[in-house]
Amino acid sequence: MFLSFCFIPLNTTLGVQEIAALRKISPLSIVELRLHAAQGRSVLEMPALWGDWPHNVPQLKLILDAIEDGQLPLRVVLAEVYEDEALSDSIDLTVDEARAQMEDYLRQDPHA
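Predicted model, so just to flag it, every value in this text is computed and none were measured.

(A) Fine view of the pattern of salt bridges. The full count for this structure, using the stated rule, is five salt bridges. In this structure, the salt-bridge partner of D92 is R75, at a minimum N-O distance of 2.4 Å. Of this pair, D92 sits in strand 4 (residues 87-93) while R75 sits in strand 3 (residues 74-81), placing them 17 residues apart in sequence. Here D92 falls in the partly exposed class, since its relative accessible area comes to 47%. Judged by relative accessible area, R75 falls into the partly exposed class, the value being 31%. The salt bridge partner of D96 is R99, with a shortest N-O separation of 3.4 Å. You can see D96 and its partner R99 sitting in helix 4 (residues 95-108), three residues apart, about one turn around the helix. Judged by relative accessible area, R99 falls into the partly exposed class, the value being 22%. Where salt bridges share partners, they join D65, E68, D96 and R99 into one cluster.

As structure tokens, this is what we get:
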């Protein structure tokens, strides 16, 4: 189990423009993006306080900016993620809350 910022599509059906925007940040195929959206599952996960956490922070900031600007149709969830990719104990965050949480984690991490 690990803690991640998860990005879940706002809508269960994705249009062409939404798919194009999501393909720029997500490793998922078009079919997988549609499936994840239909099931309300994350299309991208960014670890917090483990793995490449410090190196992912710039991309996390860009994604949060794009969500705020309306370029990415995503909601942000902070969740415990299990090996089978199941989410547990998730908390929906606003973009401002996600930024604050990210800054808090950066202060906690001596390697950041």
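(B) Spatial organisation of helix 2 (residues 30-39). Listing the buried residues of helix 2 in full gives L33, H36 and A37. Burial along helix 2 is one-sided: seen end-on, the buried residues are contained in an arc of 100°. Buried positions along helix 2 lie against strand 1 (2-9) and helix 1 (16-23). Where helix 2 ends, the next residue or the one after it, G40, has phi of about 65°, a positive value.

(C) Quick peek at the packing of aromatic side chains. Evaluated as defined, the whole model comprises one aromatic pair. For the pair F5 and Y105, a centre-to-centre distance of 6.2 Å together with 65° between the ring planes defines the contact as edge-to-face. Of this pair, F5 sits in strand 1 while Y105 sits in helix 4, placing them 100 residues apart in sequence. You can call F5 buried: its relative accessible area is 0%.

What counts, and at which threshold
Residues numbered from 1 in each chain as written. Predicted model: local features only at pLDDT ≥ 70, side-chain atom pairs only at ≥ 80, totals over all residues. Heavy atoms only, no water. Salt bridge = Lys/Arg side-chain N within 4 Å of Asp/Glu carboxyl O. Helix = DSSP H or I, 4+ residues; strand = E, 2+ residues; numbered from the N terminus. Buried < 20%, exposed > 50% of the residue type's maximum accessible area, 1.4 Å probe, protein only. Arc of directions from axis to C-beta. Contact = heavy atoms within 4.5 Å. Phe/Tyr/Trp six-rings, centres within 6.5 Å; stacked < 30°, edge-to-face > 60°.

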